[in-house]
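# Secondary and tertiary structure notes
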Amino acid sequence: MSTSKPTVLFVCVHNAGRSQMAAGFLRELAGDTVQVYSGGTQPADSVNPVAVEAMAEVSIDISKNIPDKLSPVTVQDSDVVITMGCGDDCPFYPGKRYEDWQLDDPAGQGIETVRVIRDDIRTRVQELIGSLNVQA
């Protein structure tokens, strides 16, 4: 790996829901054992308020996060790239570990639906941490 600790990049179209929740969980659950990035191919102006609410319910604050434009440099510098619904818009670089997480988009969804998406993301992040061989 490129650094002493693995780098993980979460990518979705708007960087406003799924990728923000995943990054929030990885930061919370892995602490400083993993470098965490997120970005979007077409970033929104703000994080989805229902995603913020759902994460607040599990004591993770993503309210101050700002959707970020996906940078090719960030992809190249990451050890693991997790894509979530960006399809062909997500860049691909040989030699990177890629996972495509099939998750419903929380955009326009109510809190009950977003809670299910949030809980699915938490489970996937926990499995990811196990595969990174870090002491979380």
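Scope of this entry: the structure provided in the associated data block. Computed from a prediction, not measured in an experiment: that's the story for all the values here. (Residues numbered from 1 in each chain as written. Predicted model: local features only at pLDDT ≥ 70, side-chain atom pairs only at ≥ 80, totals over all residues. Heavy atoms only, no water.)

What follows concerns the sheet that holds strand β1 (residues 7-12). An order of β2-β1-β3-β4 is seen for the four strands of this open sheet, with the pairing classed as parallel. Pairing within the sheet leaves two strands with one partner each, and these edge strands are β2 (35-40) and β4 (97-100). Across the sheet, the mean angle separating the axes of adjacent strands is 20 degrees when strand polarity is ignored. For strand β3 (residues 80-84) and β4, the ladder comprises four bridges, and the chain directions are parallel. (Pairing = 2+ DSSP bridges. Helix = DSSP H or I, 4+ residues; strand = E, 2+ residues; numbered from the N terminus. Axes fitted to C-alpha atoms, helices over the stretch in contact; angles between N-to-C directions.)

As a packed pair, helix α2 (residues 49-56) and helix α4 (residues 111-132) sit with axes 9 Å apart at the nearest point and diverge in direction by 65 degrees. By crossing handedness, the relation of α2 to α4 is classed as right-handed. Judged by residue contacts, Val50, Ala51, Glu53, Ala54 and Met55 of α2 engage Ile111, Val114 and Arg118 from α4. Looking at the contact of α2 with α4 residue by residue, the classes come out as six nonpolar, no polar and two charged. (Left-handed = near helix turned anticlockwise from the far one by under 90°. Contact = heavy atoms within 4.5 Å. Nonpolar A, V, L, I, M, F, W, Y, C, P; charged D, E, K, R; others polar.)

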